[in-house]
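# Structural description and commentary
Below are the chains, spelled out letter by letter.
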Amino acid sequence: VTEECESAEEFTELCKNIALSFGSEEYMFPTTEPVVNAGNNCEYCSASEMWETAEAMERAELDSLEDAFLSYISIFNSIDYDAFLDSYMGEFDDGAEYAEQIATDCGSLENVPEFIKYHIDWESVWDCELSFDYSTADAPDGGIFIYRNC
């Protein structure tokens with residue numbers, strides 16, 4: 001879609017011309033797909049909403065993040081790809097893996113002896129300290145996608 005048209009206005013004009021060629025003046029798109037209906041609680045979306053969705057999905061495809069973006073849409077009801085990128089923490093085996101990574105990345109474990117690090121209950125750290133600030137979705141590969149609640 002976005003390869004054939006340069007802008008939302010051009011796409012809207014194309015939709016209008018297609019509708020007129022069928023003798024109709026309306027060019028709304030009936031849909032029940034969540035990706036198109038994100039932020040739109042009706043059964044139709046406009047050409048500009050369809051354009052925004054197509055652009056966002058193309059960006060997700062270029063970044064190889066389609067599955068994570070689709071999950072984000074269903075959780076946050078938004079097709080704002082920049083907001084998705086701000087919120088998306090990554091794909092992990094589970095919350096425990098993310099808890100350990102965030103502690104390591106922040107330097108919190110630098111002065112902790114190795115023999116103690118092996119006994120940290122990262123699942124408990126996730127469950128009791130971190131999970132309330134994040135949303136998760138099942139990833140197709142068996143792990144989870146983690147998103148920061150903004």
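Notes on the structure in this doc start here. (Residues numbered from 1 in each chain as written. Predicted model: local features only at pLDDT ≥ 70, side-chain atom pairs only at ≥ 80, totals over all residues. Heavy atoms only, no water.)

Take the packing of helix α6 (residues 95-105) against helix α8 (residues 122-130) next. Packed helices, taken two at a time, are described by the angle their axes make and the gap between the axes. Look at α6 against α8: their axes get within 7 Å of each other, and the N-to-C directions meet at 85°. In terms of orientation, α6 lies roughly perpendicular with respect to α8. Contacts between α6 and α8 involve G95, A96, Y98, A99, E100, I102 and A103 from the former and W122, E123, V125, W126 and L130 from the latter. Its residues placed into classes, the contact of α6 with α8 shows nine nonpolar, one polar and two charged. (Axes fitted to C-alpha atoms, helices over the stretch in contact; angles between N-to-C directions. Helix = DSSP H or I, 4+ residues; strand = E, 2+ residues; numbered from the N terminus. Parallel < 35°, antiparallel > 145°, perpendicular 65-115°, else oblique. Contact = heavy atoms within 4.5 Å. Nonpolar A, V, L, I, M, F, W, Y, C, P; charged D, E, K, R; others polar.)

Let us look at a negative patch on the surface. Residues D67, E91, D93, D94, E97, E100, D121, E123, D127 and D141 make up a contiguous surface patch of negative charge. Mapped onto the negative patch, the elements with two or more residues apiece are α6 and α8. The partly exposed category is assigned to D127, whose relative accessible area is 40%. (Patch = residues over 30% accessible without salt bridge, like charges linked within 9 Å, V, L, I, M, F, W, Y side chains within 5 Å. Areas by Shrake-Rupley, 256 points an atom, 1.4 Å probe, with all protein chains shown as cover. Salt bridge = Lys/Arg side-chain N within 4 Å of Asp/Glu carboxyl O. Lys, Arg positive; Asp, Glu negative; His and termini not counted. Charge placed at Lys NZ, Arg CZ, Asp CG, Glu CD. Buried < 20%, exposed > 50% of the residue type's maximum accessible area, 1.4 Å probe, protein only.)

Here we take up the nonpolar core. Residues A68, F69, Y81, F84, Y88, F145 and Y147 are the most contacted members of the largest nonpolar core, which totals 16 residues. Elements with a minimum of two residues in this core: α3 (47-62), α4 (66-76), α5 (81-87) and β5 (144-148). The residues contacting F84, other than those within four sequence positions of it, are L65, A68, F69, Y72 and Y147. (Core = buried A, V, L, I, M, F, W, Y, C linked by side-chain atoms within 4.5 Å.)

Let's shift gears to α6. Those residues of α6 that fall on the buried side of the exposure criterion are G95, A96, Y98, A99 and A103. Looking down the long axis of α6, one finds its buried residues gathered within 160° of arc, a one-sided arrangement. Contacts from the buried residues of α6 go to β3 (88-92), α8, β4 (134-138) and β5. Just beyond α6, the residue with positive phi is G107, at close to 80°. (Arc of directions from axis to C-beta.)

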